[in-house]
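Inside the fold
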Amino acid sequence: MDIPDYLILSDSNGTYDTNILGYKYALPPTWYSNQRSSVASVSMIQFSYEQDNSAGVVGYVTTSLTSQNSRYNQEGTSVLGILTPNTDAIPVLSTNSYFDSNEPIKHLTAARPPQFNIFFKTLDGTPTNPDTFMLVLKFEYYSPSKTSQALGDEYTPTLKTVGGGIANYYPNNQIGLL
């Protein structure tokens, strides 16, 4: 049975850092079981916030946790989720976007991070800061050997130019010129 870890983060259990324009979170090593795998994925599965519109509407949420399987060229961070604008927000000067978790982004990342940051951005990438928020991160753990095998099985060799010709790469590492 796979048992994930859930981290419930909020504006009150993190520290807002004005130098990085984001929230810092630190987790003691004792919070994690030392029997957890070193291979994990992290995804944002729930998010709720309130914000005065004058600060800029949250368009997406990012983290300093590195991702080995996703990339957004305009960010040096991993995008946890993109929010959908809600034009029917009540009251008007309140939350006016929401997070749809039907298909969360699962970032392959280092397991058991001791610290990380969470950032909020408008859709144009400008940092913004909700008045209050809560979000849930889900860490799922995988067998390192099975993950390595799966990545190897999904590897597709590419054609490369060798000595002026096209080379075929074969599974047993032989090269043949065409």
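As a reminder, the structure under discussion sits directly above these lines.
Residues numbered from 1 in each chain as written. Predicted model: local features only at pLDDT ≥ 70, side-chain atom pairs only at ≥ 80, totals over all residues. Heavy atoms only, no water.

With that settled, the discussion passes to the overall build of the chain. Along the chain, the regular secondary structure elements total one helix and 14 strands. Residues counted as buried form 38% of the 178 residues belonging to the chain. Contacts spanning at least 24 positions in sequence make up 70% of the contacts within the chain whose residues lie at least 6 apart. Working note: accessible area of the chain is about 11100 Å², and carbon and sulfur atoms make up 52% of it. (Helix = DSSP H or I, 4+ residues; strand = E, 2+ residues; numbered from the N terminus. Buried < 20%, exposed > 50% of the residue type's maximum accessible area, 1.4 Å probe, protein only. Contact = heavy atoms within 4.5 Å. Areas by Shrake-Rupley, 256 points an atom, 1.4 Å probe, with all protein chains shown as cover.)

Turning our attention to the sheet that holds strand β1 (residues 5-10). If you walk across this open sheet you meet the four strands as β1-β11-β4-β8, and the pairing is antiparallel. This sheet does not close on itself; its edge strands, each paired only once, are β1 and β8 (107-110). Across the sheet, the mean angle separating the axes of adjacent strands is 35 degrees when strand polarity is ignored. The pairing of β1 with strand β11 (residues 132-142) spans six bridges and is classified as antiparallel. Along β11, the bridge assignment pairs Tyr6 with Lys138. (Pairing = 2+ DSSP bridges. Axes fitted to C-alpha atoms, helices over the stretch in contact; angles between N-to-C directions.)

In this section: the packing of aromatic side chains. Under the defined criterion, the tally for this structure stands at seven aromatic pairs. Aromatic pair Phe47 and Phe120: ring centres 5.8 Å apart, planes at 25 degrees, arrangement stacked. With a gap of 73 residues between them, Phe47 in strand β4 (residues 39-50) and Phe120 in strand β9 (residues 115-121) connect regions that are remote in the sequence. Judged by relative accessible area, which is 11%, Phe47 ranks as buried. Assessed through its relative accessible area of 2%, Phe120 is described here as buried. In this structure an aromatic cluster arises from ring pairing among Tyr16, Tyr23, Phe47, Tyr49, Phe120 and Phe133. (Phe/Tyr/Trp six-rings, centres within 6.5 Å; stacked < 30°, edge-to-face > 60°.)

Turning our attention to the environment of Phe47. Along the backbone, Phe47 and Phe133 are 86 residues apart, and their C-alpha atoms lie at a distance of 7.4 Å. Apart from the residues within four sequence positions on either side, Phe47 is in contact with Val58, Val61, Leu83, Phe99, Phe120, Phe133, Met134 and Leu135.

Attention now moves to the environment of Pro104. Relative to the helices and strands, Pro104 resides in the loop between β7 (97-99) and β8. The spatial distance from the C-alpha of Pro104 to the C-alpha of Ile82 is 9.4 Å, given a sequence separation of 22 residues. When near neighbours in sequence (up to four residues on either side) are disregarded, Pro104 contacts Ser43 and Met44.

Looking at where Thr62 falls in the secondary structure, it is placed in strand β5 (residues 60-63). Engagement of the side chain of Thr62 in a polar contact is seen with the side chain of Thr77, the distance being 3.2 Å. (Polar contact = N/O pair within 3.5 Å; in protein donor to acceptor, adjacent residues only side chain to side chain.)

Right, let's get into the nonpolar core. Core analysis: the largest hydrophobic core is formed by 26 residues, its most contacted members being Phe47, Val61, Phe116, Ile118, Phe120, Leu135 and Leu137. Of all the secondary-structure elements, those providing two or more residues to this core are β1, β3 (22-26), β4, β6 (78-85), β9 and β11. The residues touching Leu137, leaving out its near neighbours within four places in the chain, are Asp5, Tyr6, Leu7, Leu9, Val42, Ser43, Met44, Leu80, Phe116 and Ile118. (Core = buried A, V, L, I, M, F, W, Y, C linked by side-chain atoms within 4.5 Å.)

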